[in-house]
2 protein chains.
Amino acid sequence: MTRRKRRPARSAVTIPQLPWQQLSNPFAPIEVISLDHVEAIIDKAQQVLQRKGIRILDPTARQLLAAAGAKVDPSTEQVFYPPELVREQLVHVPAGFQLRARNPQHNLTMGGRSQVFAAVGGPAFCSDLDRGRRPGSFADLCDYFKLIQSLNILHQEGGMAFEPMDLPPQTRHLDTHLAQYRFLDKNAQAYPLGRDRTIDGIAMAGIALQLDEQQLKETPALLGIINTNSPLQLDVAMGEASMTLAQAGQVSCITPFTLAGSMSPATLAGTLTQQTAEVLAVVTLTQLVNPGAPVMYGAFASNVDMKTGAPALGTPEYCKATLASGQIARHLGLPFRASNTTTALSVDAQASYESQMSLWASVMGHAHLVNHAAGWLEGGLTASFEKLIVDAEMLQMMAATFKPIEFNDDEFALEAIMQVEPGGHHFGTAHTLERYETAFYTPMVSDRQNFENWQENGSRDTAQRANAIWKQLLKDYQQPPLDPAIDEALVDYVERRKEYYAGQAA
Amino acid sequence: MTRRKRRPARSAVTIPQLPWQQLSNPFAPIEVISLDHVEAIIDKAQQVLQRKGIRILDPTARQLLAAAGAKVDPSTEQVFYPPELVREQLVHVPAGFQLRARNPQHNLTMGGRSQVFAAVGGPAFCSDLDRGRRPGSFADLCDYFKLIQSLNILHQEGGMAFEPMDLPPQTRHLDTHLAQYRFLDKNAQAYPLGRDRTIDGIAMAGIALQLDEQQLKETPALLGIINTNSPLQLDVAMGEASMTLAQAGQVSCITPFTLAGSMSPATLAGTLTQQTAEVLAVVTLTQLVNPGAPVMYGAFASNVDMKTGAPALGTPEYCKATLASGQIARHLGLPFRASNTTTALSVDAQASYESQMSLWASVMGHAHLVNHAAGWLEGGLTASFEKLIVDAEMLQMMAATFKPIEFNDDEFALEAIMQVEPGGHHFGTAHTLERYETAFYTPMVSDRQNFENWQENGSRDTAQRANAIWKQLLKDYQQPPLDPAIDEALVDYVERRKEYYAGQAA
């Protein structure tokens, strides 16, 4: 773990925070299944790929796989993978990788014991206590980016925290990428929907980071979430995106969306098998495109609600599936992604207990990437301004839990123990005074007032306090410097591409 | 782990719950410190007991320890323990024990991988959304007992969930014990405040369970929380209670209240050392009273808020101290107790994330007893009706997480996977329909509605939904049968003892 130091001096930011740090998990992972079962799941997954195959809608991908020895049924577009093809391609996959950020101090490592916390990505709505739940706008998104930049515990933006619904769908990724590079100097995820948008992401990363194709290929700057269309289908947009990312040496984080009972069998063994099959299918494809292209095993296995068929997240099943997925990914030698999930509809008790269940499973499953680590609400339909703050507090608490307990004569404090009268107190000892300000984690949003003060101060719950915090963070936000020439080049790229897309639409 | 079966038929209770079960944790504990450090803490703790000693205010206890070889300073009442005295007495302590309940099906095991969830004990206030926070009353307490009985996931009542402030302090334990035996057939903790009250608890257990002294001594029915007056002091009430429990073969759960920076040094190494010293001091005393009397290592190490000196709970420090305490307790061969804590002032996001941090640390620290597992709010000042429900949900989720993932041909579901069209769904398959009702955990309070329905239904947050649930549970409550002769004998005992206390006061 990077050593954490307190800020040397107060910055303009008045909300207490841990400093930026890349995290390393000091604990052994929790193992929920045996090695035999890990191997059985991988074996069954290969049987599924061989006997049932996966439907791949993109013809180029099918051709590539056929040329490598897969059987293709042209009528159903199903591709059947011989187990040796999967095995041969798996050996190319790197066990970990670096990911560049605009500010090199914010570069990331994914692999080994490192853990990266990414902000939410993908919702159509955003919400806050003042303005309620609403379709996301570009102005909202820019504010959200400022908050992600301001929260030190967040390592990565989630590839469009929510959709700016006031911008045209075909070009909103361009405005989003420009905003990412303007408001953040942290790594931001790609928007991997089809070939064109993915190319735009890579091109803009090259401009923003001033890297040519070869440099980007050596050390990637973009990670794209590639969702299969479970069960056992890869659509054109995702197929194109994963091949484009692989070709350019960028990261495909391959994440089936397998809710047991709807998109996969109503058992965890079956769901983990299907998830593994889908991941291996796309991993194989990426390695055929570019052997050694970085990829990740993404887990998003949970279940549906037994009564309604609605997604159920942050559940015991999610927890076990995540921990088991980590074991499978490690056995395959693939970097691993999990998520902080909840179906809660407001920033309340359920929102945090489901998030905590997800977070402990992600962390103790040794997820290299904890996606949607902050801000996600309502099963991923909404990005909440208050949840962003509450999650950041939870993530900071996890980071502080990683910090090892120190042992030396000073820490054992026998002299202080000898000094204090039995039944007395340690408040005033030299030992306490020396370390009082830095000894313990300082929360952002947790309240420890007594009841009477809390009532006098308006009985504000956690969501209300979080509301005040994000407003303060926005007020204190400082834009990271961006070379005007780079900004201009990005703007130029965006304009040219908007013309291109306009031409396409015409 | 006890095998969990679904209820064979709907009972009168309409709230979905897991059935009663004693839990066994299938996961390896999280280890936050090395074996060397565990040993160093125990060694330093013995140095503290030898050099600084512990002030013991009860003269009988001091005499007993002096007779066994401890040095006593009569002027300061400090007792200095030679390390060999501690070691000699430790060997008598049982590694685990059974605890009887009025209903033998609710008997408990504490030891090995078993985990017991006890409801909150000790607050002066209770609260619910309708009536707010108020001093606890006896009527409130009886309702709370009914809920603890109704919630299958709760194994044990916490020894007076909150103080019935409308009853006289000297005899309220008698009314409370009577109510425990009337409204619950689960094990209830003792109210170990001084010799007389502890004797009453033991006598009433004997009456209620129809056991003589010897039978009770062989298998205990009472567990009492013995708090040292940290730092390094044991007051008369707690000293008397622990000796009385030990004499009768009942359980002393020895729990120092060490908040780093006030009742112990502002370091975790120092706090763990002091906590261990205090536990060992009282363990030694109990074994001198009755070798082999069951005792527990209770951890309640956390920290104070750096700005205000207020207790901070459910913190990263609490989490690490709890996990480390589990390692120390296991090394000493002592059964281990931890807690579900929070300083939150309402049943909101903070209440759950602090509880979850505490709970994961307790569970993964292999606490045999998770005390205050449900209902605790506001740093232990308040027992909340809604928090009881929310915590029970969290505990059920933990229990469901313990349930192993099953593996066999049916669970791997390859035939179902073969059957479903790529991109299709598993909703309607025979495999799904067969297990749809029982495959996944069914929540009590978690909401998975869509946003529109949720709004139409009043946008109720988790606390509001919990409010409806405890009211329903109270409505559905069924009093467990109690032999009228036993009830009469208990009433008779209570009346006689009230006369005794009245005589004392006069």
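Everything numeric here is computed off the predicted structure, so don't read it as measured data. (Residues numbered from 1 in each chain as written. Chains lettered and ligands numbered in written order. Predicted model: local features only at pLDDT ≥ 70, side-chain atom pairs only at ≥ 80, totals over all residues. Heavy atoms only, no water.)

K.L.:
Whenever I open this one, the overall build of chain A confuses me. Can you help?
P.N.:
Counting its regular elements, chain A contains 18 helices and 22 strands. Its C-alpha atoms give chain A principal-axis dimensions of about 80 × 55 × 45 Å. Put simply, chain A has 506 residues, and 66% of those count as buried. Within chain A, contacts between residues separated by at least 24 positions form 77% of all contacts whose residues are at least 6 apart in sequence. Taken as a whole, chain A presents about 16,700 Å² of accessible surface, with 51% of it coming from carbon and sulfur. Across chain A, the centroid of the 41 positively charged side chains sits 2 Å from that of the 53 negatively charged ones. (Helix = DSSP H or I, 4+ residues; strand = E, 2+ residues; numbered from the N terminus. Buried < 20%, exposed > 50% of the residue type's maximum accessible area, 1.4 Å probe, protein only. Contact = heavy atoms within 4.5 Å. Areas by Shrake-Rupley, 256 points an atom, 1.4 Å probe, with all protein chains shown as cover. Lys, Arg positive; Asp, Glu negative; His and termini not counted. Charge placed at Lys NZ, Arg CZ, Asp CG, Glu CD.)

K.L.:
Which parts of the structure should I look at to understand the packing of aromatic side chains?
P.N.:
Where two aromatic rings form a pair, the distance of their centres and the angle of their planes describe that pair. Residues and elements named next belong to chain B. One pass over the structure, following the stated rule, counts 23 aromatic pairs over all chains. Ring centres 5.6 Å apart and planes at 45 degrees place the aromatic pair F451 and W454 in the tilted group. On the criterion of helical spacing, the pair formed by F451 and W454 is a turn pair, its members being three residues apart in helix 16 (residues 451–456). Taking the relative accessible area as the measure of exposure, F451 reaches 11% and is therefore buried. (Phe/Tyr/Trp six-rings, centres within 6.5 Å; stacked < 30°, edge-to-face > 60°.)

K.L.:
Hey, could you run me through the sheet that holds strand 22 (residues 382–384) of chain B in this one?
P.N.:
Within a sheet, neighbouring strands are paired by backbone hydrogen bonds and run either parallel or antiparallel to one another. Residue and element names in this part refer to chain B. Reading across from one edge, 9-8-22-21 is the order of the four strands in this open sheet, with mixed pairing throughout. One side of each edge strand has no neighbouring strand; the edge strands of this open sheet are strand 9 (132–135) and strand 21 (376–377). Examined bridge by bridge, strand 8 (residues 125–128) and strand 22 share three bridges and lie parallel to one another. Paired with S127 across the bridge in strand 22 is S384. (Pairing = 2+ DSSP bridges.)

K.L.:
Hey, could you run me through the sheet that holds strand 9 (residues 132–135) of chain A in this one?
P.N.:
Residue and element names in this part refer to chain A. The strand order across the open sheet built from four strands is 9-8-22-21, with neighbouring strands paired in mixed fashion. Edge positions in the sheet fall to strand 9 and strand 21 (376–377), since each has one partner strand and no second. Note: strand 8 (residues 125–128) against strand 9, four bridges, orientation antiparallel. If you follow D128 over to strand 9, its bridge partner there is G132.

K.L.:
Is there a simple way to think about the relation of the copies chain A and chain B in this case?
P.N.:
Here the second copy of the chain follows from the first by a rotation about an axis and a shift along it. With an RMSD of 0.0 Å, the fit of chain A onto chain B corresponds to turning through 180 degrees and sliding 0.0 Å along the axis. In the structure described here, the two chain copies are related by an operation that fits a two-fold rotation axis. Nearest to the rotation axis, the C-alpha of A349 of chain A is located 2.2 Å from it, this being the minimum over chain A. The overlap is high: 100% of the interface residues of chain A also sit at the interface in chain B, so the same surface is used on both sides. (Least-squares fit on C-alpha atoms with pLDDT ≥ 70 in both.)

K.L.:
I would appreciate a short explanation of helix 3 (residues 83–90) of chain B in the present structure.
P.N.:
Note on helix geometry: an α-helix contains 3.6 residues per turn, so any two residues three or four positions apart are oriented the same way. Residues and elements named next belong to chain B. Of all the residues in helix 3, the buried ones are P83, L85, V86, Q89 and L90. One side of helix 3 carries all its buried residues, which in axial view fall inside an arc of 165 degrees. For helix 3, the secondary structure elements touched by its buried residues are helix 1 (35–51), helix 2 (59–67), helix 9 (268–289) and helix 10 (316–332). (Arc of directions from axis to C-beta.)

K.L.:
Can you walk me through unusual backbone geometry in this structure?
P.N.:
As a rule of thumb, non-glycine residues mostly have phi less than zero, and peptide bonds are mostly trans rather than cis. Residue S230 of chain A is joined to P231 of chain A through a cis peptide bond whose omega torsion reads 0 degrees. Structurally, P231 of chain A is set in the loop between strand 12 (223–226) and strand 13 (233–234). Not every positive phi belongs to a glycine, and S459 of chain B is a case in point at roughly 50 degrees. Residue placement: S459 of chain B occurs in the loop between helix 16 and helix 17 (462–476).

K.L.:
Can you walk me through the interface of chain A and chain B in this structure?
P.N.:
Every contact between the two is made by 115 residues of chain A and, on the other side, 115 residues of chain B. Regarding the contact of chain A and chain B, the summed buried area is about 9,900 Å², with carbon and sulfur atoms giving 68% of it. Here chain A is connected to chain B by ten salt bridges. The salt bridge partner of E421 of chain A is R55 of chain B, with a shortest N-O separation of 2.8 Å. Summed over the shared surface of chain A and chain B, the result is 40 residue pairs in polar contact (both at pLDDT 80 or more). The leading source of residues in the side of chain A that touches chain B is helix 11 (residues 349–364) of chain A, at nine residues. (Buried area = accessible area lost by both parts, 1.4 Å probe. Salt bridge = Lys/Arg side-chain N within 4 Å of Asp/Glu carboxyl O. Polar contact = N/O pair within 3.5 Å; in protein donor to acceptor, adjacent residues only side chain to side chain.)

K.L.:
Looking at this model, I keep getting lost on the side chain of R337 of chain A. Mind explaining?
P.N.:
Residues and elements named next belong to chain A. Mapped onto the secondary structure, R337 falls in strand 19 (residues 336–339). Of the side chains with opposite charge, E278 comes closest to the buried, unpaired R337, at an N-O distance of 12 Å. Not counting residues within four places of it along the chain, the set of residues in contact with R337 comprises I225, C253, T255, M296, Y297, G298, A299, F300, A367, L369, N371 and H372.

K.L.:
What should I look at first to understand the packing of helix 3 of chain B against helix 9 of chain B in this one?
P.N.:
Helix-helix packing is characterised by the crossing angle of the two axes and by the distance between the axes. All names here are of chain B. One can describe the packing of helix 3 onto helix 9 by two numbers: an axis separation of 9 Å at closest approach and a directional angle of 60 degrees. Taken together, the axes of helix 3 and helix 9 are oblique relative to one another. For the pair helix 3 and helix 9, the crossing hand works out as left-handed. Facing helix 3, whose interface residues are L85, V86, Q89 and L90, helix 9 presents L280, V283, T284, Q287 and L288. Considering only residue class, the contact of helix 3 with helix 9 consists of six nonpolar, three polar and no charged. (Axes fitted to C-alpha atoms, helices over the stretch in contact; angles between N-to-C directions. Parallel < 35°, antiparallel > 145°, perpendicular 65-115°, else oblique. Left-handed = near helix turned anticlockwise from the far one by under 90°. Nonpolar A, V, L, I, M, F, W, Y, C, P; charged D, E, K, R; others polar.)

K.L.:
Would you explain the environment of P83 of chain A in this entry?
P.N.:
Residues and elements named next belong to chain A. Within the secondary structure, P83 sits in helix 3 (residues 83–90). As for P83 and L174, which are separated by 91 residues in sequence, their C-alpha atoms are 40 Å apart. Aside from chain neighbours lying at most four places away, what touches P83 is Q46 and Q50.

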